[in-house]
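Residues per chain, in single letters:
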Amino acid sequence: MTEMQFKLDVFEGPLDLLLHLISKHQLNIHDIEITKLLEQYLLYMDAARQQNLELAGEFLEMAARLVYIKAVSLLPKPEEAEKAKQELQGSLIEYALAQAAAKQLREQFLADDIFVRKPMKLPKVQQTYQLRHSPDRLAEIFAQIGKERMKGQLLSDKITDTVTQAKSVSVISKVVSILRRLYGGNTVTVDSLYDGVTDRSARVATFLAVLELTRFGRIRLNEDNTLLTMCEKKGR
Amino acid sequence: MTEENQLSAMAEAILFAAGEPLETSRIAQALGVTESEIPVIMQKLEQRYLETDSALQILHLEKAWQLAAKQEFAPVIRTALETRRMQPLSNAAMETLTIIAYNQPVSKGFVERVRGIDSSSVVNSLADKGLVEEAGRIDVPGHPIGYRTTDLFLRVFGLRSLEELPEPKPAESGGTFTGELTEQDVPS
Amino acid sequence: MTEENQLSAMAEAILFAAGEPLETSRIAQALGVTESEIPVIMQKLEQRYLETDSALQILHLEKAWQLAAKQEFAPVIRTALETRRMQPLSNAAMETLTIIAYNQPVSKGFVERVRGIDSSSVVNSLADKGLVEEAGRIDVPGHPIGYRTTDLFLRVFGLRSLEELPEPKPAESGGTFTGELTEQDVPS
């Protein structure tokens, strides 16, 4: 991990970091070696933590997602692991294309060198609105905005977007919570990870995540396997 | 291009982009000439407009200059631009209007919170169209200006009072607001 | 004034007053000619600008026309109006702008999914710069606001229309970018 001891590159997001790791370690974007990618990803996260580099929550979520893919590959249902992996690969390919396109477009940047005029203002009287609409139109738009949002309570698009993705995220989020709870040197009991987790697949994923995180030396179990702490340094 | 033509063109470019009257001193500074040379440059430009049947003219106002369309073109300009009046409200405008209508009086900040994007110019444009107006300051931190709907708003939507605002309908599937004209959207 | 010059002058007056791009149909309507005559009229106007060393030019964008100052006059305009040149965009802004340009209209959530990171403030800042604008709500759950690129975006990147967006060539082999991704294409 010598390369990590210098000033870290800053990435636009977890996908940017993953693409960097994939090209640096010459991984095949169409068939990623998850173990290796996860290992490198966690190394970066560790290095970032040591240099007090503030990483957005999305980096943590991606770590959890990689752990999850790794974990389900241990389950006797390889399809699920394959599906999760392909989703990730799909995201990476799509993002790589967006980056390539952005680079090309940047070459055409001319700045605001072609000046135009502001529209001439017509006198106010003439601007008065002339059309007529049915009042139902207002009710329709109200409904589209949504009652909660309409009251000014913050219900951003992000939340509703997340709901549509809930299927794949719900399991991962259980794993995220482990890492989140341990960050900052907290110790938690293993039992508490299962508090309120009744869904069987979620319990399985939680168990597997603990297993994986332990194996990678990210977290440590005490002697009687009841308490979890975050490892300060990589154990390898 | 002769140097003379070059200076005229530069003056033209500046006045064109400015849109409003610009002081002699500023023009002279940008062109790198003395203020006394500006009238000559402007005259040259005006001369070119005359000779080539241009629609533009130079206006000299006290110590400033402005590029404008000749008066005789006012009718055709009005015809072209007034069709804008007949354009239905944009989605953003319709939405902002709905938010103000159901929550009035509200600040621009409130509209922004609901919509998740700065909506200040949309509110201003609704005010220009006479659909909303200022309603004093609101008793929340910062005391921002509140906005409310106008009588024109009621007429546009065929309402006698705000109490007649319809109850929100449950969103139907496929019922996106596209801003396309429907049969109700006829000019009065 | 010849009738031909008269039509060119009228077109010039309209474009001057409009400021923004004006569709061929609206210009034709105001001039009382058919749409097919507009390109000829515009060409005549452009010809006059060239011959007389004018600082102006006609931009032809998609189905619209706009009057603009020639690019070479940008420095002198900036000096006079004391405006700064637009800074090159950050990587985050370029990525976001590209995703919007190729997939428009798209929600902030879509951009976030492609980039893998919250992009809300980047979209807002692109909107502040006038490079993207709202485009109504999108028919997906939650009805998020859609965003599209603006005319300024086209001018800043020297494009006449969105069809001139460069075909991205990915560094890796495989997968071509079709630009046909829609809101529905995201994994549920």
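Residues numbered from 1 in each chain as written. Chains lettered and ligands numbered in written order. Predicted model: local features only at pLDDT ≥ 70, side-chain atom pairs only at ≥ 80, totals over all residues. Heavy atoms only, no water.

A.B. asks: Explain the overall build of chain A to me, and be specific about the residues and the numbers.
C.D. replies: Check the secondary structure of chain A and you find ten helices and three strands. Starting at the N terminus, the α and β elements of chain A follow one another as α-α-α-α-α-α-α-α-α-β-α-β-β. In chain A, which comprises 236 residues, the share counted as buried stands at 48%. Across chain A, contacts joining residues at least 24 apart in sequence account for 65% of those joining residues at least 6 apart. Of the roughly 12000 Å² of accessible surface on chain A, 53% is carried by carbon and sulfur atoms. (Helix = DSSP H or I, 4+ residues; strand = E, 2+ residues; numbered from the N terminus. Buried < 20%, exposed > 50% of the residue type's maximum accessible area, 1.4 Å probe, protein only. Contact = heavy atoms within 4.5 Å. Areas by Shrake-Rupley, 256 points an atom, 1.4 Å probe, with all protein chains shown as cover.)

A.B. asks: Which residues make up the overall build of chain B, and what values do they have?
C.D. replies: Per the secondary structure count, chain B includes eight helices and five strands. Sequence-ordered secondary structure for chain B, helices as α and strands as β, is α-β-α-α-β-β-α-α-α-α-β-β-α. Among the 188 residues that make up chain B, the fraction classed as buried is 47%. Of the contacts made within chain B by residues no fewer than 6 positions apart, 44% connect residues no fewer than 24 positions apart. Only carbon and sulfur atoms are counted for the fraction: they give 49% of the accessible area of chain B, which is about 9500 Å².

A.B. asks: Any chance you could break down the pairing of strand β3 (residues 64-69) of chain C for me, citing the residues and the numbers?
C.D. replies: Residue and element names in this part refer to chain C. In terms of residue burial, β3 counts as a mostly covered element, since six of its six residues are buried. Side chains Ala-64, Gln-66 and Ala-68 of β3 all project onto a buried face; the interleaved residues Trp-65, Leu-67 and Ala-69 project onto the opposite face, where all are buried too. Where strand β1 (residues 22-23) meets β3, two bridges bridge the pair, whose relative direction is antiparallel. The partner of Glu-23 across the bridge, within β3, is Ala-64. As paired strands, strand β2 (residues 56-61) and β3 are joined by six bridges and run antiparallel to one another. (Pairing = 2+ DSSP bridges.)

A.B. asks: Describe the side chain of Asp-53 of chain B, listing the residues and the values that go with them.
C.D. replies: With respect to the element layout, Asp-53 of chain B can be found in the loop between α3 (38-51) and β2 (56-61). For the buried residue Asp-53 of chain B, which engages in no salt bridge, the nearest side chain bearing the opposite charge is Lys-70 of chain B, 6.4 Å off. Looking at Asp-53 of chain B, its side chain comes within polar contact range of the side chain of Asn-5 of chain C, at 2.8 Å. In this view, Asp-53 of chain B contacts Met-1, Thr-2, Asn-5, Ala-9 and Arg-48 of chain C; residues no more than four positions away in its chain are not counted. (Lys, Arg positive; Asp, Glu negative; His and termini not counted. Salt bridge = Lys/Arg side-chain N within 4 Å of Asp/Glu carboxyl O. Polar contact = N/O pair within 3.5 Å; in protein donor to acceptor, adjacent residues only side chain to side chain.)

A.B. asks: How would you explain the interface of chain A and chain C if you had to name every residue and give the values?
C.D. replies: Many structure descriptions define interface size as the accessible area lost when the parts assemble. Residue-level contacts link 45 residues of chain A with 66 residues of chain C. A combined buried area of about 5100 Å² lies between chain A and chain C, and 59% of that area is made up of carbon and sulfur atoms. Our count for the chain A to chain C interface comes out at four salt bridges. Across the salt bridge formed by Asp-113 of chain A and Arg-78 of chain C, the nearest N and O atoms sit 3.1 Å from each other. At the boundary of chain A and chain C, one finds 16 residue pairs in polar contact (both at pLDDT 80 or more). Secondary structure elements with two or more residues in the side of chain A that touches chain C: α1 (14-24), α3 (57-72), α4 (78-106), α6 (136-145) and α8 (157-164) of chain A. Broken down by element, the residue count for the side of chain A that touches chain C peaks at 13 residues, all from α4 of chain A. Taken together, the residues of the side of chain A that touches chain C sort by class into 22 nonpolar, nine polar and 14 charged. (Buried area = accessible area lost by both parts, 1.4 Å probe. Nonpolar A, V, L, I, M, F, W, Y, C, P; charged D, E, K, R; others polar.)

A.B. asks: Break down the domain arrangement of chain B for me, citing the residues and quoting the values.
C.D. replies: Split by domain assignment, chain B resolves into domain 1 (3-79) and domain 2 (91-164). The C-alpha centroid of domain 2 of chain B is placed 40 Å from the C-alpha centroid of domain 1 of chain B. (Domains from an automatic or database assignment.)

A.B. asks: Hey, could you go over the sheet that holds β2 of chain C for me, with residue numbers and the actual values?
C.D. replies: Two orientations exist for strands paired in a sheet by backbone hydrogen bonds: parallel and antiparallel. All names here are of chain C. Read across the sheet, three strands follow the order β1-β3-β2 without closing on themselves; strand pairing throughout is antiparallel. A single partner strand is all that each edge strand has here, and the edge strands are β1 and β2. The strands that helix α1 (residues 3-18) touches are β1, β2 and β3; relative to β3, the one it contacts most, it runs at about 75°. Along the sheet, helix α3 (residues 38-51) contacts β2 and β3; its crossing angle with β2, the most-contacted strand, is approximately 150°. (Axes fitted to C-alpha atoms, helices over the stretch in contact; angles between N-to-C directions.)

A.B. asks: Just give me the short version of helix α2 (residues 24-31) of chain C, but keep the residues and values in it.
C.D. replies: Counting buried positions along α2 of chain C yields six of eight residues, so the element is predominantly enclosed. The complete set of buried residues in α2 of chain C reads Thr-24, Arg-26, Ile-27, Ala-28, Ala-30 and Leu-31 of chain C. Each element contacted by the buried residues of α2 of chain C is listed here: α4 (74-82) of chain B together with α1, β1, α3 and β3 of chain C. Looking one or two residues beyond α2 of chain C, the residue adopting positive phi is Gly-32 of chain C, at roughly 70°.

A.B. asks: Run through the nonpolar core, naming residues and quoting values.
C.D. replies: One recurring pattern in soluble globular proteins: nonpolar side chains tend to sit buried together. If you look at the biggest cluster of nonpolar residues, it comprises 66 residues, and the most contacted ones within it are Leu-31 and Ile-38 of chain B together with Leu-31, Ile-38 and Ile-77 of chain C. The contact partners of Leu-31 of chain C, leaving out residues within four places of it in the chain, are Val-76 of chain B together with Leu-7, Met-10, Ala-11, Ile-14, Ile-38 and Ile-41 of chain C. By size, the runner-up hydrophobic cluster in this structure holds 40 residues, among which are Leu-59, Leu-97, Val-122 and Phe-157 of chain C. (Core = buried A, V, L, I, M, F, W, Y, C linked by side-chain atoms within 4.5 Å.)

A.B. asks: Could you give an account of the sheet that holds strand β1 (residues 187-189) of chain A, naming the residues involved and the relevant values?
C.D. replies: Residues and elements named next belong to chain A. Strand order in the open sheet made by the three strands is β1-β3-β2, with antiparallel pairing throughout. Looking at strand neighbours, the two that pair on one side only are β1 and β2 (219-221), the edges of this open sheet. Going across the sheet, the axis of each strand differs from the next one's by a mean of 25°, ignoring polarity.

A.B. asks: Lay out the packing of α2 of chain C against α3 of chain C with the relevant residues and their values.
C.D. replies: All names here are of chain C. At a minimum axis distance of 10 Å, the contact between α2 and α3 shows a crossing angle of 85°. Relative to α3, the element α2 is oriented roughly perpendicular. Every residue of α3 that contacts α2 at Thr-24, Ile-27, Ala-28 and Leu-31 is listed here: Ile-38, Ile-41 and Met-42. The residue makeup of the contact of α2 with α3, split by class, is six nonpolar, one polar and no charged. (Parallel < 35°, antiparallel > 145°, perpendicular 65-115°, else oblique.)

A.B. asks: How would you sum up the pattern of salt bridges? Please name residues and give values.
C.D. replies: Per the stated rule, a full pass over the model turns up 17 salt bridges over all chains. Arg-48 of chain B is paired through a salt bridge with Glu-12 of chain B; the nearest N and O atoms lie 3.0 Å apart. Remark: Glu-12 of chain B occurs in helix α1 (residues 3-18) and Arg-48 of chain B occurs in helix α3; sequence separation between them is 36 residues. Overall, Arg-48 of chain B belongs to the buried group, its relative accessible area being 12%. Within the structure, one salt-bridge network assembled from shared partners comprises Asp-112 and Asp-113 of chain A together with Arg-78 and Arg-85 of chain C.

A.B. asks: Describe the environment of Arg-26 of chain C, naming the residues involved and giving the relevant values.
C.D. replies: Along the chain, the position of Arg-26 of chain C falls in helix α2. Overall, the relative accessible area of 10% leaves Arg-26 of chain C in the buried class. In this structure the C-alpha to C-alpha distance between Arg-26 of chain C and Pro-75 of chain C, which are 49 residues apart in sequence, comes to 33 Å. Looking at Arg-26 of chain C, its side chain comes within polar contact range of the main-chain oxygen of Ala-80 of chain B, at 3.4 Å.

A.B. asks: Tell me what's going on with the packing of α4 of chain B against α2 of chain C, and back it up with residues and numbers.
C.D. replies: As a packed pair, α4 of chain B and α2 of chain C sit with axes 9 Å apart at the nearest point and diverge in direction by 140°. With respect to each other, α4 of chain B and α2 of chain C are oriented oblique. Like other packed secondary-structure pairs, α4 of chain B and α2 of chain C cross with a definite hand, here right-handed. Residues Val-76, Thr-79, Ala-80 and Leu-81 of chain B of α4 of chain B pack against Arg-26, Ala-30 and Leu-31 of chain C of α2 of chain C. (Left-handed = near helix turned anticlockwise from the far one by under 90°.)

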